[in-house]
Structures are given as C-alpha cells and as structure tokens.
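Each chain is listed here by its residues.
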Amino acid sequence: MVGISKKQVRIGMVGYKFMGKAHSHAYRDVAFYFDNNVEPVMQAICGRNEAGVKEAAAKMGWQSYETDWRKLIEREDIDLIDIVTTNNSHAEIAIAAAEAGKHVYCEKPLSMTLEQSARMLEAVEKNGVIHMINHNYRFAPAVQFAKRLIQSGRLGKIYHIRATYLQDWIMDPSFPLVWRLNKEVSGSGAHGDLAAHIVDLARFLVGEFKEVNGMMETFIKERPIVEQSSGLSGTASSEQMGEVNVDDASIFMARFENGAIGTFEATRFAGGNRNGNRFEINGEKGSIRWDVEHMNNLQVYFHDDEPGLQGYRTISCTEEMHPYASAYWPAAHIIGYEHTFINLAVELLNGIDKGYSPSPNFMDGVKNQAVLEAVEQSASSRQWVSISQVQQSSEYSM
Ligand SMILES: NC(=O)c1ccc[n+]([C@@H]2O[C@H](COP(=O)([O-])OP(=O)(O)OC[C@H]3O[C@@H](n4cnc5c(N)ncnc54)[C@H](O)[C@@H]3O)[C@@H](O)[C@H]2O)c1
C-alpha cells in the first residue's frame, strides 16, 4: 500500500470450497476496512486436486498453490496455517502446523472428538503458537453488543437461554450422502455442525456449562452415494445407497455454572428454516433476542421501561458505538454474513501482532467439544451428564 508499511502475516490455507471462499474473502478485505498494524498476505492455498486448486488460487487471489498440506507446512514463507477442510483432517494438520512453529486458525468443530481436540490444544500451547477457531457468529456486531449489555449488568442475573440452529437442506431423501452425513469424516451430524455454534454463543454470552441432558435422532437412515459436493450442496453418483451414521437432529437441556438454564436444538429437518441460528436470553432486568437471518438487529427488552411502553425494541447495531460498525458504513447501511469473518480476521491478526490467542481459541474449541461429547453420552445413556465428568475422562485438565 502506498506510503504505509505494515507487518505482514503470510497465510497458507488448506481447503478451498465453502469456508475457503469465506476466509479468502476476509483476507482480501480486512486491510481495506480496518487500520491495524498487520496485513494478511495470501501466500499459498492447498487442495488435493491440482486443476481445482489452481483455478481456486487464481479466482480467490492466492499467490501460489500446493497439492499436499505437508509441503505447505514445510514452507518457510508461511506464518499461519488456516484449516478449512473436512473435520477428519483438522487434528492432523493443526498438530503438524503447530509443531512446525506455524500459528493455526481452524474451522469448527475443532475436531471430531474431545480427545483429538485436547491434543490440538496441547500442541499449540507446547509450541507457543497463536491459535483461533472460527466461531464467526460471535463476530456479528449485534452479538458483540449483546455481550456488552450482559457484561455491563443491563440484563441482571441471567435465567434462561433458548438457542436454536435450524436448517432444512437435507430433508429430501434423495439428497446424497455428503461428507457431513458420514461419521468417519464429520464426527457427528447437525450436532457438531450446528449445535457447536450455539454452544459457542451460549458460552460467550451466558457462561460455562455444568451439565446436559440430550437426545439425537436420524430420520433418514440411507441415502444415495455422493458423486461430488461443496458446502451444503451435492449430487448423487447412482442409485446405490449408503448408511447415514450421524444425527439429523440434536436437542438438549443444560444447566450452567452460574445457575442459568438453557434449551438447545440443532436440526437439518426444520422445513422452511434455511439458516435459523437464533437465541433468546432472559435476565432479571431484561431480555435480548437475535436471529442471524436479520443479523444487524438485536431485539432488547428492559423491565424498567415505562408501563404501557414495555416491549421488545429493535436496535440496528450499525451505529458508530456498536462493535466493529465504524469500520464499515453509516448507520443502518447493513453488513452481512461475510463481515463476521472479516471481524474475526482482525482479531486474529491483532493477536498474532501482540502475541496472544484471541477468543475463541483452541481452549474454547476443547470446552465446546466437551459439551458436545457430554450431550452424545447423555443421548446414549438417557441420563444427565456433567461436563467435568467428561473432561476428566478425556484425561485433559482444563
Ligand atoms: N464457521 C462456519 O460457519 C462454518 C460453515 C461451514 C463449514 N464450516 C466448517 O468448515 C470446514 C469445511 O467445510 P466446508 O463447508 O467448507 O466444506 P466443503 O466440502 O465445501 O470443503 C471442504 C474442502 O476440504 C478439502 N479437503 C478435505 N480433506 C483434505 C485434505 N486432507 N487436504 C486438502 N484438502 C482437503 C475438500 O477437498 C474440500 O475442498 C468444516 O470443518 C466445517 O465444519 C464452518
């Protein structure tokens, strides 16, 4: 950039489809909107199919490409490894990257199991590298503003959270067996994919989980074998069928350490809901609610409003005083899904500059996975399961 010299963080990204596009876009735009000390350099992208990765590099603006992530990690001109691959590869890539002294940014869920996630945390801590996990919904200005309201005591003691993440993209029984429906690649279904996000929002806004009681269901047990897929779409290869071995829906109740209670529902069978990530939180002095499909708005209710005028009001979190808003446009000139990734990228780059791992980091990923695993145990035992019990059984103290 003319006349301005910034520190550079040279990035190597593994994977280049749905999340690859979202992360690439964030790196392209972050220095445009935010005046921080560090700028990302889109050094190299990695994928196993040479023609595909070459095309993706050209389209998304990466300077070079590799076809083996091990080669990417060996490169001396890379500072940060960004993992946007399927869940079965997160642990191996992240641990190798940390051992090579690279900072690591990983998609959620951190991995497929608590044990793998704990090993990832151990590796980044042992090697002293910066780490983050992508729970991008935290970085919607309205969610950050919700956090401010709660932290400043405007809602008082928190009683309830009710969070849902409702999708409907696999309701058609002829939709193929994409990797998200294969336990060996994904670890779990709607649970790790969607519940992981609302668990993160609950930990961010309410606090640590104490115990959970859940159930999980698979409605369609067999699907056509997949030919190719990307993100939430896919095509079938033939009439041949394969087993769906993950949950289609996961529902659970929770108690928190601070006395709050919550209900959580994650499903891919909620017809009419394309990406219904929503929560409502009720406290002694007020309530808030948020819906990603109207992500600029936070609905707020205060008990001390004048009688007769009480009710939820809608705050457009686009004013200068709202988190991240001043980097973008004038009030009510709204931002979108992709900006949550840009806001997270700012935190990641600042963390690398100043030498700390911003939250959500791998510790958050491990704590999240402990909640997910506790729900899975509860669903199979039909009992309440305490988070500390699950953490202890993973032989990793947090
Ligand atoms: N934060 C979010 O809101 C969000 C949204 C969607 C997906 N995700 C997460 O992002 C990750 C990727 O999901 P997606 O939707 O982008 O999937 P996708 O199917 O669109 O892309 C996954 C890519 O990973 C590649 N890949 C898998 N193993 C690899 C390996 N060993 N080496 C190189 N490339 C490899 C695949 O070839 C594919 O290109 C998952 O962990 C998913 O849970 C997060």
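Rules of the game
Residue numbers run consecutively from 1 along every chain, following the written order of its sequence. Under the rules for a predicted model, residues below a pLDDT of 70 receive no local features and side-chain atom pairs below 80 are neither given nor counted, while totals for whole chains, interfaces and linings still include all residues. Hydrogen atoms and water are omitted, and side-chain values are computed over all heavy atoms in the structure. Segments assigned H or I by DSSP are reported as helices when at least four residues long, segments assigned E as strands when at least two residues long, and all are numbered from the N terminus. Only heavy atoms enter the contact rule, under which two residues are in contact if any of them lie within 4.5 Å. Think of a polar contact as two N or O atoms within 3.5 Å of one another; within protein, one of them needs to be a possible hydrogen donor and the other a possible acceptor, and neighboring residues in sequence only count if both atoms come from side chains. Being near a molecule or strand, for a residue, means having at least one of its heavy atoms within 4 Å of it. Methods summary: accessible areas were calculated by the Shrake-Rupley approach with a probe of 1.4 Å, and residue burial reflects only the protein chains presented. Residue polarity follows a fixed list, in which Ala, Val, Leu, Ile, Met, Phe, Trp, Tyr, Cys and Pro are nonpolar, Asp, Glu, Lys and Arg are charged, and the others, Gly among them, are polar. As annotated, the domain borders come from an automatic or database domain assignment. When two rings of Phe, Tyr or Trp (its six-membered ring) have centres within 6.5 Å they constitute a pair, described as stacked for plane angles under 30 degrees, edge-to-face for angles over 60, and tilted for the intermediate range. Burial classes follow relative accessibility: with a 1.4 Å probe on protein chains only, a residue under 20% of its type's maximum area counts as buried, one over 50% as exposed, and anything between as partly exposed.

Draft legend 1. Up close: the environment of Asn296. Among the structural elements, Asn296 can be located in the loop between strand E14 (286-291) and strand E15 (297-302). Between the alpha carbons of Asn296 and Tyr312 there is a distance of 16 Å; along the sequence they are 16 residues apart. Residues in contact with Asn296, not counting those within four places in the same chain, are Ala142, Ile315, Ser316, Cys317, Thr318, Ile334 and Ile335. A polar side-chain atom of Asn296 sits 2.8 Å from the main-chain carbonyl oxygen of Ile335.

Draft legend 2. Representation of the site of the ligand. Neighbouring the ligand are 23 residues; Met19, Asn87, Lys108, Trp179 and Gly231 lie closest to it. Between Met19 and the ligand, the recorded distance is 2.8 Å, taken from a backbone N or O atom to an oxygen atom. In the model, an oxygen atom of the ligand is placed 3.2 Å from a nitrogen or oxygen of the Arg48 side chain. The protein chains hide 91% of the 840 Å² of surface that the ligand would expose on its own. Looking at the shell around the ligand residue by residue, the class counts come to 8 nonpolar, 10 polar and 5 charged. Each of domain 1 (7-137) and domain 2 (141-294 + 296-335) contributes no fewer than three residues to the shell around the ligand.

Draft legend 3. Focus on the packing of aromatic side chains. For the structure shown, the criterion picks out 18 aromatic pairs. Ring centres of Phe139 and Tyr324 lie 6.3 Å apart, and the angle between their planes is 55°; on these two criteria the pair is classed as tilted. Of the two residues, Phe139 is situated in the loop between strand E6 (131-134) and helix H6 (141-151) and Tyr324 in the loop between strand E16 (313-316) and helix H9 (337-354); the sequence distance between them amounts to 185 residues. Accessibility expressed as a relative area gives 3% for Phe139, which makes it buried.

These results come straight from atomic positions and should not be treated as a statement about function.
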